[in-house]
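Topology and contacts: notes
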Amino acid sequence: MPATSITHAKTAPCLTLVPNKRRLDMHVAETLRRDAAKEVIIAPPVAVFSQWVEDLLVRICLLDGKEAPASVDAGTLIQIWAEILEREMDFLAEGERNLAARQARAADRLLQHWWTGEDTPWLERTFWTARHFVAEKLAARQVLSAEGWLEGLVHRLASDAALPCDLPGSIILDGFHEITRLEQKLFDALAQRGVDVTSAAPAGAAPPAIKRCSFASLEEELAAAAHWAGERLQAGCSRIAVVINGVQGMPEKIRETFDRVIGAEQQLDLDDRVDCVFHIAHGERLSNHPVIQDALALLALSLGGPDCAHEFPAISRWLLSPFWEGADRERFARASLELDLRRIGSNWWTPREVSRKAASHKPCEELSRDRDDGCRILLECINRLDQALLKPSATPTTQASAAALFCNILHAWGWPGPLALGVDVKRCVKQFSALLEKLDGLPFGSNAEALNLLRPMCAEATLALRGGPLSPIQVLSPEDAAGRRYDAAWMANMHAANWPAQATVNPFLPSRAARCIPRSTTEGELAYCERLTALLGAIAPELCFSWNRQAGDVPNAVSPLLEHLPVIDVARAAPASWYARVAPGTESLRGYLNHPWLRPAADASGLPLRPAVDTVPAQAIPGGAGMFRDQSGCPMLAYYRYRMQASFDDMPAPFAAAAFRGSLMHSAMYFLFTAQAEGGQQGEPGRPGDDRIRRAVDQALHQHQARQRLLEVSYQAERQRLVRLLGEWLDLEHSRTGFEVLHLEQRIKDELREHPLTVQADRIDRLGDGSLMVIDYKSSFSSATGWGRERLRHAQLPLYAVLLSAQAGAALGGIALATVRGGECGLAGIAADPAAKFDRIKSFDDRRSGLAQRFDSWQALFGHWQRCIDGLAGEIVRGECDNAVYDPQCLSYAGLDILLRRAEGEAWCLAHGEGGFAAAGENDDQAS
């Protein structure tokens, strides 16, 4: 396409006014697209309404020989309101003052635009007084708000004096779906001056048929809209609109969906100025970017000084942030320090206390290899922070003190750090610096108040997400799309709860005034949405309205404005561009049944275990029985967890985590039976006194440092729970006969596939016939299923059986899972001797057992276990790490859901009726 240049016409027959910059960009882009073949394009005479009003009044004032007023920016105006509300409403907390100021400013703006009455007693006195004070302050500073510019221009045009400059012959209003009383006064004054003011005509006639469709969730609806837009793009459409009701509140979710479904890297030949196929008109909030979030976190952490205590999540974010000095050189040392603080368990820390820990902290050798500086840069930053807070700007004595202090603090931390790379980060930093400059000249009662103003300023500032006005797919709000023309359009998220939306009334707005503002009433909101719906129905020849049937736990209904439309069924979105690793040549997959994301990979194996070489022994199989349990359930989980040592520690919390409670239970059971053996009570366990149970519980709590990890209330609650639990378990075992406890936490060492392996069995009992039974404790309900599969489930007990049978002097006679859980205590397993049957421990004379139906004897079942364990050992030695889920239970407490992308897999399974992670034949081998 030839290069084009833009010139400005000397005279314009008419002027087009648009309500905001987004509409201006769309107007100019439409002109460029329409005249793309021309070498010279005349710039359209179009302007943003508020800017045109301000420019015209300034020109009139200057030509009249008068001094033109200045504009007050939004931050200054909010601060003036906050200052006055602090005096008039002294009961407001500091954190609530800025929110109240914003609400009061919005109410004041609505009154200026709509209210036609005089000052009357029914107006709330405090708010009315505050309005007068704000007006006096603005007049004293000789500045005008946006409404002030409008009123000033109306007053000048309504006067009989001649204007020193020409007005446009006609004005076209494009995108004004609602005209306020104040705006109408301006247009009436322009009409009296001979200006023809008209609204833009609709872009086209309504199509003969508009259809609607529904989806189970908003996520599915957005994905379907993106898929539909991509199909229209491939079909040759050059202007596609995806209109999303509420797009302002979810630009990040929309971007992620369109990136996944359409692809952000797709290139077009339509225009070299288009860098992405889709453009989201409402950009991402500046406050959502990590570099800005960390900047605000650093300011909040610093304002109280290094000796101010903060909760652990804030300290954790500070230590792990990549956006301050030393994040590259000290990332291992800081991560190790953060992990040590987690283990200590305190939920409150000061930066000074952390620096003392850092001064004596020695990270492990593997993390600090080639990095022996420790946390030296962290200590230097703490010292620089002390100096920054001691500077004169640290006390708000001047108007610019807050902005200067914030700059000094961020400079002391070295923000944004050496890892702040990329165009997006640089744009964020630049815009954040501009917001800091806007704080100059604003009076603050405290630095915390300045930070409370800076946060919403960052939330209101936006950065463009992908593409631009020339992108073929435009993601717009209903207000931006109404009145334009496209090749195809999709209107999404239009259910009864938000179309029309519920009318909201500002708390500062008196009820009598609210009745004068159309969109503050249910009838006014309905009328507004009816107008928009009519305009949206004419923006494209191909049109579809959609809505989602569920918002969280709340069901949605179709909007009453769309009930008359015929229902159609549209194609769902294409699969996401994520594929799990699967061994090549796999004929049948377990876990994700028929999952379209599972594609064969060229190499689904990790590193094999190192074999024995000369005098160097073979590498041991890591993880013990846990490695086999996870390898049978999900090979990739086993590889991440035991070969790569991946883990995520729990955040400190007031109550014990599930894994910690399980460890306490195991230890308490060990100490209980050890104490019983020391007391000379061999054989079947009797019912010891409560003092012995309490002693075992106290020993377990002490061993795991429970007092350091739990609050006192949680500690006492956990102690009582364990006492009750052990008593309930012994009541169960007291009814069991024909056994004695032989070993507790018995270590078993052997070799599999010539690689050493060490496991630890929770308990080994000697049965009445002299054979052994291996028991494994579980803190959650467990059933003896999966031992007859080709791929074992609960593989640790069959593993114990195989290893123990090669070493013990007596034959192995059974295995059992012990559920040690309040109200659910029980035993489930399989035994060779019918006399060993108890609770859900079955034997081969019971044909109701799934194992007894598939295997005719204990020897046949044991041979099956030997083959399965040998197969799993072969996979581990070879390093096989397929991402296939055979046992969903193994994922429950793994803590690696992010690496395994479990949520995405479950979402697909549920959406496609696969019932989650259910594997084939899950219930075909029940032991009970």
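As the structure is a computational prediction, the values presented were derived from the model and not from experiment. (Residues numbered from 1 in each chain as written. Predicted model: local features only at pLDDT ≥ 70, side-chain atom pairs only at ≥ 80, totals over all residues. Heavy atoms only, no water.)

**So, the overall build of the chain**
Stated formally: Helix and strand assignments follow DSSP, with helices taken as H or I runs no shorter than four residues and strands as E runs no shorter than two, numbered in order from the N terminus. For each residue, the accessible area found with a 1.4 Å probe, counting protein chains only, is set against the maximum for its type, and the residue is called buried under 20%, exposed over 50%, and partly exposed in between. By the convention used here, residues are in contact when the closest approach between their heavy atoms is within 4.5 Å.
Along the chain, the regular secondary structure elements total 32 helices and 27 strands. Taking all 928 residues of the chain together, the buried fraction comes to 50%. Expressed as a percentage of contacts within the chain between residues at least 6 apart in sequence, the contacts between residues at least 24 apart total 76%.

**Structural notes on the packing of aromatic side chains**
What counts here: Stacked, tilted and edge-to-face are the three classes applied to pairs of Phe, Tyr and Trp rings, where Trp contributes its six-membered ring and a pair requires centres within 6.5 Å; stacked means planes under 30 degrees apart, edge-to-face means over 60, and tilted covers the rest. The criterion is that NZ of a Lys, or CZ of an Arg, lies within 6 Å of the ring centre and within 35 degrees of the ring normal, and then a charge sits over that ring.
For the structure shown, the criterion picks out 16 aromatic pairs. Ring geometry for tryptophan 729 and tyrosine 777: centres 6.5 Å apart, planes at 85 degrees, overall edge-to-face. Of the two residues, tryptophan 729 sits in helix α27 (residues 712–734) while tyrosine 777 sits in strand β24 (residues 772–778), which places them 48 residues apart along the sequence. Here tyrosine 777 falls in the buried class, since its relative accessible area comes to 4%. Through pairs of rings, three or more aromatic residues link up here, namely Phe49, Phe176 and Phe187. The positively charged end of arginine 87 is found above the aromatic ring belonging to phenylalanine 133, 4.5 Å away from the centroid.

**Digging into the pairing of strand β25 (residues 812–819)**
Our working definition: Following DSSP output, two strands are said to pair if at least two bridges run between them.
Of all eight residues in β25, eight are buried; the element is thus mostly enclosed. Taken together, the seven bridges between β24 and β25 define a ladder with parallel strand orientation. Bridged to lysine 778 within β25 is threonine 819. Where β25 folds back onto strand β26 (residues 826–831) in an antiparallel hairpin, the turn is made up of six residues, including glycine 823, whose phi is positive at roughly 80 degrees.

**Points about the pairing of β24**
Counting buried residues along β24, seven of its seven residues qualify, which places the element largely inside the surrounding structure. Sheet topology note: the strand β23 (residues 755–767)/β24 ladder contains four bridges and is antiparallel. Along β24, the bridge assignment pairs aspartate 765 with methionine 773.

**Section: the pattern of salt bridges**
The cut-off we apply is this: Think of a salt bridge as a Lys or Arg side-chain nitrogen and an Asp or Glu carboxyl oxygen that are within 4 Å of each other.
With the rule as written, the count across this model stands at 43 salt bridges. Linking arginine 384 and glutamate 325 is a salt bridge whose minimum nitrogen-to-oxygen distance equals 2.5 Å. One end of the pair, arginine 384, is in helix α15 (residues 376–390); the other, glutamate 325, is in the loop between α11 (312–320) and α12 (331–344), with 59 residues separating them in the sequence. Salt-bridge contacts for arginine 519 lead to glutamate 525; the nearest nitrogen and oxygen are separated by 3.1 Å. Residue classification places arginine 519 among the partly exposed positions, given a relative accessible area of 30%. When salt bridges that share partners are traced, they join Arg105, Asp108, Arg109, Arg131 and Glu147 into one network.

**A short note on the sheet that holds strand β7 (residues 170–173)**
Rule in force here: Whenever a helix is involved, its axis is fitted only over the stretch in contact; in every case the axis is a line through C-alpha atoms, and angles between N-to-C directions fall within 0 to 180 degrees.
Strands sit in the order β4-β2-β7-β8 across an open sheet of four strands; the sheet is parallel. Each edge of the open sheet is held by one strand with a lone partner, namely β4 (46–48) and β8 (196–199). Neighbour to neighbour, the strand axes of the sheet diverge by 25 degrees on average, direction disregarded. Of the pairings in the sheet, the one linking β7 to β8 comprises four bridges and is parallel in character. When the sheet's bridge partners are listed, isoleucine 172 is paired in β8 with threonine 198. In the packing of helix α1 (residues 21–34) onto the sheet, the strands contacted are β2 (15–18) and β4, and the crossing angle to β4 comes to about 165 degrees.

**Quick word on the nonpolar core**
Put simply, the test is: Side-chain atoms within 4.5 Å are what join buried Ala, Val, Leu, Ile, Met, Phe, Trp, Tyr and Cys residues into a set we call a nonpolar core.
Counting 78 residues, the largest nonpolar core has Trp318, Trp415, Phe432 and Leu454 as the members making the most contacts within it. Core analysis: the next-biggest nonpolar cluster, separate from the first, contains 43 residues, Ala625, Met627, Leu757 and Leu797 among them.

**Describing the packing of helix α3 (residues 74–88) against helix α5 (residues 125–141)**
Our working rule: Here is the rule for angles: anything less than 35 degrees is roughly parallel, anything more than 145 is roughly antiparallel, 65 through 115 is roughly perpendicular, and the remaining ranges are oblique. Two helices crossing with the near one rotated counterclockwise from the far one by less than a right angle form a left-handed crossing, whereas a clockwise rotation gives a right-handed crossing.
Following both chains from N to C, one finds α3 and α5 inclined at 135 degrees, their axes separated by 10 Å at the closest point. With respect to their mutual orientation, α3 and α5 come out oblique. The handedness of the crossing between α3 and α5 is right-handed. The residues of α5 that touch α3, namely those facing Thr76, Leu77, Ile80, Trp81, Glu83, Ile84, Leu85, Arg87 and Glu88, are Thr126, Phe127, Thr129, Ala130, Arg131, Phe133, Val134, Lys137, Leu138 and Arg141.

**Considering the environment of isoleucine 621**
Relative to the helices and strands, isoleucine 621 is located in the loop between β21 (598–600) and α22 (625–633). Not counting residues up to four positions away in its chain, the partners in contact with isoleucine 621 are Leu609, Met627, Phe628, Leu752, His755, Pro756, Leu757 and Ile876.

**Let's talk about the side chain of threonine 180**
Considering the arrangement of structural elements, one finds threonine 180 in the loop between β7 and α7 (181–192). According to the relative accessible area criterion, threonine 180 is buried, its value standing at 10%. Sequence-distant contacts of threonine 180, that is, excluding residues within four places in its chain, are made with His113 and Trp114.

**Remarks on the packing of α11 against α12**
Counted only if it meets this: Gly is placed with the polar residues, together with every amino acid not listed as nonpolar (Ala, Val, Leu, Ile, Met, Phe, Trp, Tyr, Cys and Pro) or charged (Asp, Glu, Lys and Arg).
Taken N-terminus to C-terminus, the directions of α11 and α12 make an angle of 165 degrees; their axes are 9 Å apart at the nearest point. By the angle class used here, α11 and α12 are roughly antiparallel. As α11 packs across α12, the resulting crossing turns out to be left-handed. Judged by residue contacts, Phe312, Ile315, Ser316, Leu319 and Leu320 of α11 engage Arg334, Ala335, Leu337, Glu338, Leu341 and Arg342 from α12. Class assignment for the residues of the contact of α11 with α12 results in seven nonpolar, one polar and three charged.

**Focus on empty space enclosed by the protein**
Under the convention used in this document: Cavities and pockets were defined on a 1 Å grid built over protein atoms only: a cavity is a set of grid points that admits a 1.4 Å probe from which the probe cannot escape, a pocket is an open set flanked by protein on both sides within 12 Å along at least five of seven lines, and lining residues are those with an atom within 4 Å of any such point. Grid points are joined across faces, edges and corners, and a volume is the space filled by probe spheres set on the points.
With the rule as written, the count across this model stands at one cavity of 30 Å³ or more. Considered as a void within the structure, the largest cavity measures approximately 90 Å³ in volume. Together, Met26, Ala29, Glu30, Arg33, Ser238, Arg239, Pro469, Ser471, Pro472, Gln474, Arg484 and Tyr486 line the largest cavity. The leading source of residues in the lining of the largest cavity is α1, at four residues. When grouped by side-chain class, the residues that make up the lining of the largest cavity number five nonpolar, three polar and four charged.

**Some thoughts on the confidence of the model for the chain**
Definition in use: Residue-level confidence of the predictor is what pLDDT reports, using numbers from 0 through 100.
Per-chain confidence: the chain averages 80 in pLDDT, with 80% of residues scoring 70 or above. Here residues 1–12 is modelled with pLDDT under 50, and outside its nearest four sequence neighbours on either side it reaches 24 contacts, counting other chains as well. Residue range residues 573–603 is modelled with pLDDT below 50. Its contacts to residues more than four positions away, or to other chains, number 70 contacts.

**Some remarks on the state of the cysteines**
Worth spelling out the cut-off: Cysteine sulfur atoms that come within 2.5 Å of each other are treated as a disulfide pair.
As enumerated under the stated definition, the model contains zero disulfides in all. There is no disulfide at cysteine 213, and the cysteine sulfur nearest it, in cysteine 544, is 3.6 Å away. Cysteine 213 sits in the buried class, given a relative accessible area of 2%.

**Comments concerning α11**
Counted only if it meets this: Comment: arc refers to directions from the helix axis out to C-beta atoms.
Burial in α11 covers these residues: Phe312, Ile315, Ser316, Trp318 and Leu319. Down the axis of α11, the buried side of the element spans an arc of 160 degrees, and every buried residue falls inside it.

**Section: unusual backbone geometry**
In this chain, tryptophan 415 is followed by proline 416 through a cis amide linkage whose omega measures 5 degrees. Topologically, proline 416 is positioned in the loop between α16 (401–413) and α17 (423–438). Across the junction of tryptophan 499 and proline 500, the peptide omega takes the value 0 degrees, indicating a cis bond. Considering the arrangement of structural elements, one finds proline 500 in the loop between β16 (488–492) and α20 (511–514). Within the chain, glutamine 142 stands out as a residue other than glycine whose phi angle is a positive 60 degrees. With respect to the secondary-structure elements, glutamine 142 resides in the loop between α5 and β6 (143–144).

**Observations regarding the environment of arginine 867**
Inspection of the secondary structure puts arginine 867 in helix α30 (residues 858–878). For arginine 867, a relative accessible area of 57% puts it in the exposed group. As a C-alpha pair, arginine 867 and valine 802 span 65 residues in sequence and 9.9 Å in three-dimensional space.

**Digging into the side chain of asparagine 245**
Here is the rule we go by: Counting of polar contacts relies on pairs of N or O atoms within 3.5 Å, with two restrictions inside protein: one atom must be capable of donating a hydrogen and the other of accepting it, and residues adjacent in sequence are counted only when both atoms are side-chain atoms.
Residue position: asparagine 245 is located in the loop between β10 (240–244) and α9 (251–261). For asparagine 245, a relative accessible area of 11% translates into the label buried. A distance of 3.1 Å separates a polar atom in the side chain of asparagine 245 from the backbone oxygen of asparagine 498. Residues within four places of asparagine 245 in sequence aside, it is in contact with Met250, Pro478, Ala492, Asn493, Met494, Asn498 and Trp499.

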